[in-house]
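Spelled out from the first residue to the last, the chains are:
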Amino acid sequence: MAFAEANPSAGLCYMMHNVALMCVLTYGSDELKQQICSDVLNDGKFLALAYSELGSGTHFYNPQIHAEFASEHVILDGVKSMVTSAGQASWYLVLAPSAENGKVDNWAVPLSAAGLSFDNNTWQGMGMRPNISCPMKLDNVQVSMLNRLGVAGSGAEQVFSVVAPFFVTGLAAVYSGVCLSLSHAANEHAKSRKYPDAQPLSHIETVQTHLANIYTRAIAAKSLTWLPPTPPQMCCKRS
Ligand SMILES: Cc1cc2nc3c(=O)[nH]c(=O)nc-3n(C[C@H](O)[C@H](O)[C@H](O)COP(=O)(O)OP(=O)(O)OC[C@H]3O[C@@H](n4cnc5c(N)ncnc54)[C@H](O)[C@@H]3O)c2cc1C
């Protein structure tokens, strides 16, 4: 939230990185964890989520890209629609159909993989241009079986148990930070904009009411994001 208040793109990139890293730490093999953590800790590299597709949208646990399996690798082909830190992150988590019928796999794809490209010019996010959340193309990208997170077909379970809770809380934090920042900017503008009689915009009661509304909502969003989760035993308690 603090990152996003100062710089929305920094907040969003950091949040996506955290979610992806959490997934690697929870489901990656020891070798994969070692390799990725060493990249992050020793070389300042970071991670990204390449889950969404134009077709599936928010239902990103239902990927439509192609996955062709060989004994030691998989070949991924298709387009991911919005990838924050596209082309800048060193590792991309990619959801693709599994060899297990109707299930999904979660792959860690390195930036260096042959066939990976990014359509950087399509991202024009107002106020968030530096996060380059643009499409990523996988043109028959070959990925080692060792880069699959967890067992075959466990991608959806990973999405719902690790990705979703951190993703949703992280997004709430980022956009609460953005709202607080906008509220401060609006206040500053209202104080500095002066009329010919030297009265500032902020002295007008209607404007004060609008600014107070913006601030109240931003603070409410921040408080809700910080609210500790309800322990499961309390919401499931039976008499
Ligand atoms: C700034 C930004 C950065 C992003 N970065 C990434 C990234 O790094 N990696 C990544 O994988 N994706 C990323 N995304 C994509 C994002 O995760 C969504 O997949 C994408 O925004 C979905 O857009 P859509 O228009 O297809 O939504 P749609 O799927 O068309 O949904 C439209 C609306 O309907 C609602 N809706 C849909 N289904 C239901 C339902 N069952 N119940 C209730 N409401 C529903 C949705 O919540 C949404 O409000 C990013 C998006 C943005 C805006």
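As the structure is a computational prediction, the values presented were derived from the model and not from experiment.

Definitions and limits used
- Residues numbered from 1 in each chain as written.
- Predicted model: local features only at pLDDT ≥ 70, side-chain atom pairs only at ≥ 80, totals over all residues.
- Heavy atoms only, no water.
- Near = heavy atom within 4 Å.
- Polar contact = N/O pair within 3.5 Å; in protein donor to acceptor, adjacent residues only side chain to side chain.
- Areas by Shrake-Rupley, 256 points an atom, 1.4 Å probe, with all protein chains shown as cover.
- Nonpolar A, V, L, I, M, F, W, Y, C, P; charged D, E, K, R; others polar.
- Phe/Tyr/Trp six-rings, centres within 6.5 Å; stacked < 30°, edge-to-face > 60°.
- Helix = DSSP H or I, 4+ residues; strand = E, 2+ residues; numbered from the N terminus.
- Buried < 20%, exposed > 50% of the residue type's maximum accessible area, 1.4 Å probe, protein only.
- Domains from an automatic or database assignment.
- Buried area = accessible area lost by both parts, 1.4 Å probe.
- Salt bridge = Lys/Arg side-chain N within 4 Å of Asp/Glu carboxyl O.

Caption draft 1: Quick look at the site of the ligand. Of all residues adjacent to the ligand, which total 15 residues, the nearest are L49, S52, T58, H59 and T84. S52 places a side-chain nitrogen or oxygen 2.7 Å from a nitrogen atom of the ligand. For the ligand, whose accessible area on its own is 990 Å², the fraction buried by protein is 50%. Split into classes, the residues belonging to the shell around the ligand amount to nine nonpolar, six polar and no charged.

Caption draft 2: The packing of aromatic side chains, seen in detail. Overall, the coordinates contain six aromatic pairs when judged by the stated rule. With centroids separated by 5.9 Å and ring planes inclined at 65°, the aromatic side chains of F60 and F167 adopt a geometry described as edge-to-face. Note that F60 is positioned in the loop between β1 (47–50) and β2 (66–69) and F167 in helix α4 (residues 155–192), a separation of 107 residues in sequence. An identical accessibility class is assigned to F60 and F167; each is buried. With a centroid separation of 5.4 Å and 40° between ring planes, the pair formed by Y92 and F118 is classed as tilted. On the criterion of sequence distance, the pair formed by Y92 in strand β4 (residues 91–97) and F118 in strand β6 (residues 116–118) is long-range, its members being 26 residues apart. On the basis of relative accessibility, which here comes to 0%, the residue Y92 falls in the buried class.

Caption draft 3: A look at the domain arrangement of the chain. When its domains are assigned, the chain resolves into domain 1 (2–153) and domain 2 (160–231). Each of domain 1 and domain 2 has a C-alpha centre, and these two points are 31 Å apart. Here domain 1 packs against domain 2, burying approximately 1300 Å² in sum over the two surfaces, 83% of which is carbon and sulfur. Linking domain 1 to domain 2 there are zero salt bridges. Here domain 1 is connected to domain 2 by three residue pairs in polar contact (both at pLDDT 80 or more). Every element with two or more residues in the side of domain 1 that touches domain 2 is listed here: α1 (2–6) and α2 (8–27). Taken together, the residues of the side of domain 1 that touches domain 2 sort by class into 14 nonpolar, two polar and one charged.

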